[in-house]
Amino acid sequence: MKVPYTNFAKQIEDDGVEVLAAMRAVMARGDFILGKEVNDFEERFATYCGTKHAVGVANGTDSLFLSMLALGIKPGDEVITCPNSWISTAASIALIGARPVFVDVCEDQNMDPDKLQQAITAKTKAIIPVHLGGRPAKMEDINVIAGFRNIPVIEDAAQSVGSSLNGKRTGSMGVCASFSLHPLKNLNALGDAGIITTNSDALATRLRKLRNHGLRNRDECDFWGYNSRLDTLQAAVLIPRLLQLGRTIQRRKAVASHYSEALQKCVVVPSEGQNEFHSYHTYVVKAPDRDRLREYLDRQGIETKIHYPIPIHLQRAASHLGYSRGSFPQVEADALRILSLPINQYLTDDQVEHVIESIYNFYT
Ligand SMILES: *Cc1c(COP(=O)(O)O)cnc(C)c1O
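Please read all numbers here as calculations on a predicted model, not as lab measurements.

A.B. asks: So what's going on with the environment of Gln 345? Residues and values would help.
C.D. replies: For Gln 345, the location among the structural elements is in the loop between strand 12 (338-341) and helix 11 (349-363). Polar contacts involving the side chain of Gln 345 include one to the side chain of Arg 252, which spans 2.8 Å.

Here it is in structure tokens:
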């Protein structure tokens, strides 16, 4: 039996009729750039997250980069984040000319507020916690620490659409938040797409110009900007998928609770706090003898992934930052044990059972 990590064929079987009709309508009108679906999707997405605004951009990396530009982050500033994220969290900081300052994580793989406190300096101009895998970071503690020094918090919510903490959706708890709508994310376009949420009118206005050449209208340019708009075609695809997102997450959560119940004797399963709603972009266990387990599962037809095998501070690109092995013990220890099991919403009960049995067999 094969258990694939993703299943795009099944997704288009599921929503292809609606998605193609939506794309066809855009093609017939021809408003490919900032067409009506972009605005429509932005409004629906803001409502979903519980924010006043949402600004669609070309991808999740641009949504981090443009958020920092809109907040006035400059070369020489320091921005604090975690070293166990997708590389663009750190890269977008570095590409502005600012310095990525890493802090270690807690057992839950998210930013440790105590370590954050210790890392703040007079140069700290933003904090970017990542809701890794869909599990919300400790936003309340982080906001208290940041608020004390008036430092803006940008949520990297790329993996956490639909997650919440104490009833508040991720994306609504920072000054602004960055989402990726990449094909591999829980809410996914047919290519690259991203979106930024915020409650600030000023920030939203600035972001709308930044993504569109600095234009205030068709002919007047206020400052040099970028070409980083969300395509109308992608927005048209995302509208019906946003309507299905509740169902998507529900199925992923059902698989997760099945896994957790069955696997807690062999591996460390993800914990979920009373006040947390984890949307399970990834289902990550911490497993003894991880590499051999991974090979064994591969032989059983089960595709797994590691998010992420090399912490960012140990990447060659980060060598100028002066970190080394031992700088972030929790992240480094996790990198050797973490394994992401298949959790896509199209898994059948038989496939889920096959994963559980295979892991059991490996350890016994
Ligand atoms: C996917 C992702 C991004 C970048 O998104 P893209 O749309 O691929 O540019 C940024 N941060 C995290 C945590 C991600 O998972």
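A.B. asks: Explain the site of the ligand to me, and be specific about the residues and the numbers.
C.D. replies: Close to the ligand lie 14 residues; Gly 60, Thr 61, Gln 159, Ser 180 and Lys 185 are nearest. One of the side-chain nitrogen or oxygen atoms of Asp 156 is found 2.8 Å away from a nitrogen atom of the ligand. Between the ligand and Lys 185, the relevant distance is 3.0 Å, taken from an oxygen atom to a side-chain nitrogen or oxygen of the residue. For the ligand, whose free accessible area comes to 380 Å², the fraction covered by protein is 93%. Among the secondary structure elements, those contributing two or more residues to the shell around the ligand are helix 3 (60-70) and helix 4 (88-96). A breakdown of the residues in the shell around the ligand according to their chemical character gives three nonpolar, nine polar and two charged.

A.B. asks: Describe in detail helix 1 (residues 8-29), supporting the description with residues and values.
C.D. replies: Because each turn of an α-helix spans 3.6 residues, side chains separated by three or four positions end up pointing in the same direction. The first and last C-alpha atoms of helix 1 sit only 27 Å apart over 22 residues, clearly below the 32 Å expected at 1.5 Å per residue. Residue Asp 15 marks the point of greatest curvature in helix 1, where the axis turns by about 70°. Gln 11, Asp 15, Gly 16, Val 19, Ala 22, Met 23 and Val 26 are the residues of helix 1 that are buried. At its buried positions, helix 1 is contacted by helix 2 (36-49) and helix 8 (232-263).

A.B. asks: Help me get a handle on a nonpolar patch on the surface, residues and values and all.
C.D. replies: Together, Met 27, Phe 32, Ile 33 and Leu 34 make up an exposed nonpolar region whose accessible area comes to about 350 Å². Structurally, Ile 33 is set in the loop between helix 1 and helix 2. In this structure Ile 33 comes out as partly exposed when scored by relative accessible area, which is 49%.

A.B. asks: Before we move on, could you go through the environment of Trp 224 and cite the residues and values that matter?
C.D. replies: Along the chain, the position of Trp 224 falls in the loop between helix 7 (201-210) and helix 8. Placed 14 residues apart in sequence, Trp 224 and Leu 210 show a C-alpha to C-alpha distance of 7.7 Å.

A.B. asks: Kindly report on empty space enclosed by the protein, identifying the contributing residues and their values.
C.D. replies: Over the atoms rolls a probe the size of a water molecule, and its path tells where empty space is left. Per the counting criterion, the structure on display carries one cavity of 30 Å³ or more. Of the voids in this model, the largest cavity is the one considered here, and its volume is about 70 Å³. For the lining of the largest cavity, the residue count by class is seven nonpolar, three polar and one charged.

A.B. asks: Go over the pairing of strand 11 (residues 283-286) with me, naming the residues and quoting the values.
C.D. replies: Covered by surrounding structure in strand 11 are Tyr 283 and Val 285 together with Val 284 and Lys 286, the residues of both alternating faces. Pairing between strand 11 and strand 12: four bridges, direction antiparallel. Counterpart to Tyr 283 in the pairing with strand 12 is Leu 341.

A.B. asks: Tell me about the pairing of strand 2 (residues 78-81), and please be specific about residues and values.
C.D. replies: Neither face of strand 2 is open: one carries Glu 78 and Ile 80, the other Val 79 and Thr 81, and all of them are buried. The pairing of strand 2 with strand 3 (residues 99-102) spans four bridges and is parallel. Residue pairing across strands places Ile 80 opposite Val 101, the latter belonging to strand 3. With three bridges joining them, strand 2 and strand 4 (residues 124-127) adopt parallel strand pairing. From the neighbouring strand, Val 79 faces strand 4, where its bridge partner is Ala 126.

Rules used throughout
- Residues numbered from 1 in each chain as written.
- Predicted model: local features only at pLDDT ≥ 70, side-chain atom pairs only at ≥ 80, totals over all residues.
- Heavy atoms only, no water.
- Helix = DSSP H or I, 4+ residues; strand = E, 2+ residues; numbered from the N terminus.
- Polar contact = N/O pair within 3.5 Å; in protein donor to acceptor, adjacent residues only side chain to side chain.
- Near = heavy atom within 4 Å.
- Areas by Shrake-Rupley, 256 points an atom, 1.4 Å probe, with all protein chains shown as cover.
- Nonpolar A, V, L, I, M, F, W, Y, C, P; charged D, E, K, R; others polar.
- Expected span 1.5 Å × (residues − 1).
- Bend = angle between axes of the 7 residues up to and from the residue.
- Buried < 20%, exposed > 50% of the residue type's maximum accessible area, 1.4 Å probe, protein only.
- Contact = heavy atoms within 4.5 Å.
- Patch = residues over 30% accessible without salt bridge, like charges linked within 9 Å, V, L, I, M, F, W, Y side chains within 5 Å.
- Salt bridge = Lys/Arg side-chain N within 4 Å of Asp/Glu carboxyl O.
- 1 Å grid on protein atoms, 1.4 Å probe; cavity = no way out; pocket = protein on both sides within 12 Å on 5 of 7 lines; lining within 4 Å.
- Points joined across faces, edges and corners; volume = space filled by probe spheres on them.
- Pairing = 2+ DSSP bridges.

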